[in-house]
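The lines below spell out each chain.
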Amino acid sequence: MKYWRGYVVAAIFAAITVVLMQMGQRFTTLVDMVYPYVTRTLQDMLAQWSSGVDFVLWQLFASFLIVLGLASIVLMIMFKWNPIQWLGWVLACGTGIFMLHTAVFGLNQYAGPITDDIRLEVSEYNLEELAEATTYYRDQANALAVQVSRDGDGNVKFADFATLANQAGDGFHALTYEYSYPIFAGNTLPVKPLGWADMYTSMGITGISMGLTGEAAVNPQIPAVSLPFTMCHEMAHRMCIATERDANFAGFLACQANESVEFQYSGYFMAYRYCYSAIARIGSPEASALAARISSGANAQLKQDMKFYDDFFAKHRDDTATKVATTANDTYLKTSGDEAGVQSYANVSDLLVCWHIQQIVLPSITEEEKPFDPYDESQVDLSGLPNAKPTEETTPNG
């Protein structure tokens, strides 16, 4: 029996995790009412604790576990331990960590979408509306692309990592107190630079947030044009905005609400990329023609930044490492309750289109409409009313 104790412990941890997930999925309303506020407080406490050091704490813990695992293998060989028993305790350790993660953060996957909290109506849209939104984000990026600082080669030259990290919370502060969105009233301590950046770059990983330590961390090697947006994305995760789609949208909102032109450009740059990619994925002749037309409208600076972004990941990404990392991330997201998996990142285009319709298109239509004046006979149908002065439109012929 002693050989199976580790498996029994692992099974207990796994069962508790499954029960938590089933409860989160079944009682979504209750989760949305209570859980995010409790975990947001916990994340704030953990972030305050982990901010005491400049490095990423969970990476230190991960290193310790790796060393411990390797040491246990050596000891197993030396003392001829039973490998089946060893594997059981390894599984127990892994399931225990995932159970803790689910309890302190993971159930946010089952909370209501961010659209409910910011009063954004999400509805079906057509290709024309997608193209209009993409054009809008392109035009905003065009205007901002000529305002940011650039080096001698014409590439963007933003402030250093620490400066940007300190500015990232400003957009969330504005969303909370100027836009009255309480969902963004979370911890805005600066994000940390990820260690082992070369490894994460080869995997195409731009940032990681860890609920167990309350740390939001960003790969410092990624192109500068996407760095502010990624910082806001990871900071949104620490605010218990769990799904990748919602974190991407929160990142955009925080960037466009930030007074820094660097954050604004990064937000609109990424919004344009996501919406443009949504058109390109359709693949129809009409969509391809629209994508080509919209792309041709990008100015020289925006085109250069788009190319630099694509070339960077094409140059540094290792196909095998990226495939492994993407598969692992997709499995984690689906296991945690996000059915879209890694596709959730790209699904932010749905929210970007609806935001454009609600915040840009509809207000412009309302402003163009002539205000109703009950004393304006041209706006009031007086036909059929006795003693009403007939207008040109209501006067009978002859």
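As shown above, the structure is provided for reference.
A quick note: this is a predicted structure, and the numbers were derived from the prediction, not measured.

Undergrad: Just give me the short version of the overall build of the chain, but keep the residues and values in it.
TA: Counting its regular elements, the chain contains 16 helices and three strands. Counting across all 398 residues of the chain, residues that qualify as buried make up 43%. In the chain, of all internal contacts separated by at least 6 residues, the share reaching a separation of at least 24 is 77%. About 21,000 Å² of surface is accessible on the chain, with carbon and sulfur atoms providing 60% of the total. One way to put it: in the chain the 23 positive side-chain charges average out to a point 13 Å from where the 42 negative ones average out.

Undergrad: Outline a nonpolar patch on the surface, supporting the account with residue identities and numerical values.
TA: A cluster of nonpolar residues, Val-19, Met-23, Phe-27, Leu-30, Met-33, Val-34 and Val-38, forms a patch on the protein surface that exposes about 670 Å² of accessible area. Counting residues per element, the nonpolar patch draws most heavily on helix H2 (residues 28-50), which supplies four residues. Considering the arrangement of structural elements, one finds Met-33 in helix H2. Note on Met-33: relative accessible area 57%, which makes it exposed.

Undergrad: Report on the environment of Phe-252, specifying residues and quantitative values.
TA: Note that Phe-252 resides in helix H10 (residues 244-257). Residue classification places Phe-252 among the buried residues on the basis of a relative accessible area of 2%. Sequence separation of Phe-252 and Gln-264 is twelve residues, and the distance between their C-alpha atoms is 8.4 Å.

Undergrad: Run through the side chain of Thr-322, naming residues and quoting values.
TA: Tracing the sequence through the fold places Thr-322 in helix H14 (residues 319-336). With relative accessibility at 15%, the residue Thr-322 sits in the buried group. Sequence-distant contacts of Thr-322, that is, excluding residues within four places in its chain, are made with Ser-202, Met-203, Gly-204 and Arg-317.

Undergrad: I'd like a description of the pairing of strand E3 (residues 215-218), backed by residues and values.
TA: A two-sided burial pattern is seen for E3, the buried positions comprising Glu-215 and Ala-217 on one face and Ala-216 and Val-218 on the other. Pairing of strand E1 (residues 192-193) with E3 involves two bridges; the strand directions are parallel. Its bridge partner lying in E3, Pro-193 is registered against Val-218. The pairing of strand E2 (residues 207-210) with E3 spans four bridges and is antiparallel. For Met-210, the partnering residue across the bridge sits in E3 and is Glu-215. In sequence, E2 turns back onto E3 through a hairpin of four residues, with Gly-214 there showing a positive phi of about 65°.

Undergrad: Give a description of unusual backbone geometry that names residues and reports values.
TA: The phi dihedral of Lys-80 is positive, around 55°, even though this residue is not glycine. If you trace the backbone, Lys-80 turns up in the loop between helix H3 (57-79) and helix H4 (83-104). Judged by relative accessible area, Lys-80 falls into the exposed class, the value being 74%. In this structure, Cys-240 is a non-glycine residue whose phi angle is positive, near 70°. As for its position among the elements, Cys-240 is in the loop between helix H9 (227-238) and H10.

Undergrad: Just give me the short version of the environment of Ile-114, but keep the residues and values in it.
TA: Turning to its location among the elements, Ile-114 is positioned in helix H5 (residues 114-117). When its relative accessible area of 0% is taken as the criterion, Ile-114 is described as buried. Through-space distance from the C-alpha of Ile-114 to that of Thr-39 is 16 Å; in sequence the pair is 75 residues apart. For Ile-114, the residues in contact, after removing those within four places along its chain, are Ile-183, Phe-184, Ile-241, Asp-246, Phe-249, Ala-250 and Leu-351.

Undergrad: Please provide a residue-by-residue account of the nonpolar core, values included.
TA: Formed by 73 residues in total, the largest nonpolar core has its most connected members in Tyr-137, Phe-172, Phe-184, Phe-249, Phe-252 and Tyr-265. With eleven residues, the top contributor of residues to this core is helix H11 (residues 261-282). With residues up to four places along the chain from it excluded, the contact list for Phe-252 reads Tyr-137, Phe-229, Gly-267, Tyr-268, Ala-271, Leu-352 and Trp-355. Val-56, Leu-194, Tyr-200 and Ala-217 belong to the second largest nonpolar core, which has seven residues in total.

Undergrad: Which residues make up the pattern of salt bridges, and what values do they have?
TA: As enumerated under the stated definition, the model contains seven salt bridges in all. Here Asp-139 and Arg-138 are joined by a salt bridge, their closest N and O atoms 2.8 Å apart. Overall, the relative accessible area of 11% leaves Arg-138 in the buried class. Taking the shortest distance from any N to any O, the salt bridge between Lys-192 and Glu-215 comes out at 2.8 Å.

Undergrad: Tell me about the side chain of Asn-142, residues and numbers included.
TA: Tracing the backbone shows Asn-142 in helix H6 (residues 127-145). With a relative accessible area of 12%, Asn-142 lands in the buried category. Within the structure, the side chain of Asn-142 is placed 2.8 Å from the backbone nitrogen of Asn-299, a separation counted as a polar contact. In this view, Asn-142 contacts Gly-297, Ala-298, Asn-299 and Leu-302; residues no more than four positions away in its chain are not counted.

Undergrad: For the packing of aromatic side chains, give the residues involved together with the corresponding values.
TA: This structure, assessed with the given rule, holds 19 aromatic pairs. Between the aromatic rings of Tyr-136 and Tyr-268, the centroid separation amounts to 6.3 Å while the plane-to-plane angle is 75°, which identifies the pairing as edge-to-face. Linking Tyr-136 in helix H6 with Tyr-268 in helix H11, this pair joins segments that are 132 residues apart in sequence. Taken as a pair, Tyr-136 and Tyr-268 share a single burial class, namely buried. Each residue in the set Tyr-136, Tyr-137, Phe-249, Phe-252, Tyr-268 and Trp-355 is aromatic and connected to the rest through ring pairs, giving one cluster.

Reading guide: rules and limits
- Residues numbered from 1 in each chain as written.
- Predicted model: local features only at pLDDT ≥ 70, side-chain atom pairs only at ≥ 80, totals over all residues.
- Heavy atoms only, no water.
- Helix = DSSP H or I, 4+ residues; strand = E, 2+ residues; numbered from the N terminus.
- Buried < 20%, exposed > 50% of the residue type's maximum accessible area, 1.4 Å probe, protein only.
- Contact = heavy atoms within 4.5 Å.
- Areas by Shrake-Rupley, 256 points an atom, 1.4 Å probe, with all protein chains shown as cover.
- Lys, Arg positive; Asp, Glu negative; His and termini not counted.
- Charge placed at Lys NZ, Arg CZ, Asp CG, Glu CD.
- Patch = residues over 30% accessible without salt bridge, like charges linked within 9 Å, V, L, I, M, F, W, Y side chains within 5 Å.
- Salt bridge = Lys/Arg side-chain N within 4 Å of Asp/Glu carboxyl O.
- Pairing = 2+ DSSP bridges.
- Core = buried A, V, L, I, M, F, W, Y, C linked by side-chain atoms within 4.5 Å.
- Polar contact = N/O pair within 3.5 Å; in protein donor to acceptor, adjacent residues only side chain to side chain.
- Phe/Tyr/Trp six-rings, centres within 6.5 Å; stacked < 30°, edge-to-face > 60°.

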